[in-house]
Amino acid sequence: MKSASSYSRLRAQVLLLAIVVALYLLYSNYSSTNSNDNSTPPYSLYADLNEKEEEIGQKFLESLQLIEAQKNPKYVLFRQHEGTDFGNQTQEILLHHHLALQSSRFYIYQPFYWKSRNEQLPLSAFLLGASQERAIPASFVEKLCPKGSDDVAHIKIQSTHEDLWNTALSALKRKEKCIIVDNPIIDTAYLSSPAAESIWPLFQKHLSRWFQWSPQILDIVERTQAQLNLRRHFSNLQGEPYIALHLHRKEFLEHCKTAAQQHLGFMNWANLPAILSTTLPPRLNPGNDSSVMEHCSPSLSRVMDAIDRQVRRKPYLRSVHIIHDGVASTDLRKLENALKNPERAQRAGWTYGPIKSLTHSTMVPHEPEEMDFLVGVDVELARRAEVFIGNGYSSLSSYIVALRMGGDLVVAGIPEAITLL
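This is a predicted model, so every value here is computed, not measured. (Residues numbered from 1 in each chain as written. Predicted model: local features only at pLDDT ≥ 70, side-chain atom pairs only at ≥ 80, totals over all residues. Heavy atoms only, no water.)

A. A look at the overall build of the chain. Tallying secondary structure elements over the chain gives 18 helices and 12 strands in all. Buried residues in the chain amount to 49% of all 421 residues. Partitioning the contacts of the chain with sequence separation of at least 6, the portion at a separation of at least 24 is 77%. Accessible surface, the chain: about 21,000 Å² in total, of which carbon and sulfur atoms supply 53%. (Helix = DSSP H or I, 4+ residues; strand = E, 2+ residues; numbered from the N terminus. Buried < 20%, exposed > 50% of the residue type's maximum accessible area, 1.4 Å probe, protein only. Contact = heavy atoms within 4.5 Å. Areas by Shrake-Rupley, 256 points an atom, 1.4 Å probe, with all protein chains shown as cover.)

Below is the structure:
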């Protein structure tokens, strides 16, 4: 009996130890996957930036009084979509800024909405061009466009995709000093339609002239490129030229299933003919569920085929940087094993052997209070890469493509430097 009792106590102790270990692992996993929640946003910085926006806005208005041609300036305030993600929100803001400038109106910009915290943050914390160039913060609306004034017009802009941009420009030619557009006018359906192709040439020039990240984002980017040894395309700085690869976590699969059921094609600027031509074969057939899933949720072998294609074209590329929103570590390990496999590299025709360096988003050096800026950092690192491999069904990949094609990296923006999965 004594032996049986000792065995029972031992079994209880082992069970207790197993429970403790399991709880520790569960807590560790929770802490790592919820690091965003443990960070403290830089509220002091945001307060300073809000004040600076006010100061710049006031000085801007005062300067207008000294310019003869701008003694009767006109303004426009657009209704934005609510609750959109970082990429879609910044893209909508850039398009609104573009539309305002095309219509010879000053752009009244709104705070950047941070959905997860239900907060409004200063736009200048993320984008500079749209918050400083011929633009003024929404806090001046009451002063510029008082309610009840005959010089303020509330309108809605509704049109087919084909006529939307011209309809908007015509509506903004009204005589009133202020136009407030009460409905969102630019959405994914419009940007994914053939009509978007007609506005691209001028928007491309707009991006080249006005697009600019905030110093907060650029500081982390420079720090990351130095520490991860990633060289900006066609720069003279030290570091390795690299491929930027955009991957989604497994939850994206539900989006892909919906796209297949609804027979949807690629999103936004990924539909530009020059970009569609970069799609890794076979060509997308939106009417075929299997084709949609192949492109939207690519297998490891398909991802490797895309990398093979670029490495054979540019054999000196030996580094890959993955931007992602939480890809499972097992998937990253499988990809790393494939990229660093000498036998596979030889079979695939890689001149100088396997990839030397694989880095990814979670390796970006940052302080806890810099978490808000990391999506912008991901986008800029992908924009600066010598080659970008993205997902045509991802709005973020599409946004990156637009910035590469329209930014200051002219060579990096050529179609050959892009592959859609």
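B. How the structure looks around the state of the cysteines. In this structure the tally under the stated criterion is 2 disulfides. The disulfide that involves cysteine 145 links it to cysteine 178, with 2.0 Å between the sulfurs. Note on the cysteine 145 and cysteine 178 pair: the S-S dihedral is about -75 degrees, so by sign convention the disulfide is left-handed. On the criterion of sequence distance, the pair formed by cysteine 145 in the loop between helix 6 (141–144) and strand 6 (152–155) and cysteine 178 in strand 7 (residues 178–181) is long-range, its members being 33 residues apart. Overall, cysteine 145 belongs to the buried group, its relative accessible area being 4%. Disulfide partner of cysteine 256: cysteine 296, at an S-S distance of 2.1 Å. Since a negative S-S torsion denotes a left-handed disulfide, the cysteine 256-cysteine 296 link at about -80 degrees is left-handed. With cysteine 256 in helix 11 (residues 252–261) and cysteine 296 in helix 13 (residues 289–296), this residue pair connects regions lying 40 residues apart in the sequence. (Disulfide = S-S within 2.5 Å.)

C. Representation of unusual backbone geometry. The amide bond that connects proline 281 to the next residue, proline 282, takes the cis arrangement and shows omega of 0 degrees. Along the chain, proline 282 falls in the loop between helix 12 (273–276) and helix 13.

D. Structural detail: helix 3 (residues 43–64). Its 22 residues give helix 3 an end-to-end C-alpha distance of 32 Å, which sits within 8% of 32 Å, the value for a rise of 1.5 Å per residue. For helix 3, the complete set of buried residues consists of Tyr46, Leu49, Glu53, Gly57, Phe60, Leu61 and Leu64. The arc that holds every buried residue of helix 3, seen down its axis, measures 110 degrees, which confines them to one face. Of the residues in helix 3, the exposed ones pointing more than 90 degrees away from the buried face are Ser44, Glu51 and Lys59. Along its buried surface, helix 3 packs onto strand 1 (75–78), strand 2 (106–109), strand 4 (119–121), strand 5 (135–137), helix 6 and helix 10 (215–227). (Expected span 1.5 Å × (residues − 1). Arc of directions from axis to C-beta.)

E. The arrangement of the sheet that holds strand 6 in detail. Judged by pairing direction, the sheet is parallel, and its 5 strands sit side by side in the order 5-2-1-7-6 without closing on themselves. In the strand order of this sheet, the two ends are held by strand 5 and strand 6, each with one partner. In this sheet, adjacent strand axes meet at a mean angle of 25 degrees when their direction is disregarded. Against the sheet, helix 3 contacts strand 1, strand 2 and strand 5, and its axis sits at roughly 130 degrees relative to strand 5. (Pairing = 2+ DSSP bridges. Axes fitted to C-alpha atoms, helices over the stretch in contact; angles between N-to-C directions.)

F. A look at the packing of helix 4 (residues 86–102) against helix 18 (residues 395–406). Helix 18 packs onto helix 4 with a crossing angle of 40 degrees between their chain directions and a minimal axis gap of 9 Å. Classified by the interaxial angle, the pair formed by helix 4 and helix 18 is oblique. The handedness of the crossing between helix 4 and helix 18 comes out as left-handed. For the pair helix 4 and helix 18, contact is made by Gly87, Asn88, Thr90, Gln91 and Leu94 and by Ser395, Leu396 and Tyr399, respectively. (Parallel < 35°, antiparallel > 145°, perpendicular 65-115°, else oblique. Left-handed = near helix turned anticlockwise from the far one by under 90°.)

G. Representation of the layout of surface pockets within the structure. Its boundaries defined by the atoms lining it, the second largest pocket holds a volume of some 460 Å³. What lines the second largest pocket is a set of 21 residues, and nearest its centre among them are Leu247, His248, Ser297, Pro298 and Asp331. Contributing elements (two or more residues each) for the lining of the second largest pocket: strand 8 (242–247), helix 11, helix 14 (300–313) and helix 15 (329–339). If one sorts the elements of the lining of the second largest pocket by residue count, helix 15 sits on top with 4 residues. (1 Å grid on protein atoms, 1.4 Å probe; cavity = no way out; pocket = protein on both sides within 12 Å on 5 of 7 lines; lining within 4 Å. Points joined across faces, edges and corners; volume = space filled by probe spheres on them.)

H. Spotlight on the pattern of salt bridges. Under the definition given, this model contains 15 salt bridges. A salt bridge links glutamate 82 to arginine 79, with the nearest nitrogen and oxygen atoms 3.7 Å apart. Judged by relative accessible area, which is 38%, arginine 79 ranks as partly exposed. Ionic pairing is found between arginine 344 and aspartate 308, a salt bridge with its closest N-O pair at 2.7 Å. With a gap of 36 residues between them, arginine 344 in helix 16 (residues 342–347) and aspartate 308 in helix 14 connect regions that are remote in the sequence. Residues joined by salt bridges that share partners form a network here, namely Glu222, Glu380, Arg383 and Arg384. (Salt bridge = Lys/Arg side-chain N within 4 Å of Asp/Glu carboxyl O.)

I. Representation of the pairing of strand 6 within the structure. Across 4 bridges, strand 6 lies against strand 7 in parallel orientation. Bridge assignment links histidine 154 to a residue of strand 7, and that residue is isoleucine 180. Assessed by its sense of winding, the connection that carries the chain from strand 6 through helix 7 (residues 164–171) to strand 7 is right-handed. (Right-handed = clockwise from strand over helix to strand, strands pointing away.)

J. Examining helix 11 more closely. When helix 11 is considered as a whole, its buried residues turn out to be Phe252, Cys256, Ala259 and Ala260. One face of helix 11 carries all of its buried residues, which in axial projection span an arc of 100 degrees. Contact partners of the buried residues in helix 11: helix 13. Of the residues flanking the end of helix 11, it is histidine 263, one or two places downstream, whose phi is positive at about 55 degrees.

K. Highlighting the sheet that holds strand 10 (residues 357–360). Judged by pairing direction, the sheet is parallel, and its 5 strands sit side by side in the order 10-9-8-11-12 without closing on themselves. Either end of the sheet is taken by a strand with one partner, and the two such strands are strand 10 and strand 12 (418–420). Each strand of the sheet is rotated relative to its neighbour by a mean of 15 degrees, with strand direction disregarded. Relative to strand 10, strand 9 (residues 319–324) runs parallel, the two sharing 4 bridges. The residue of strand 10 that forms the bridge with isoleucine 322 is histidine 360.

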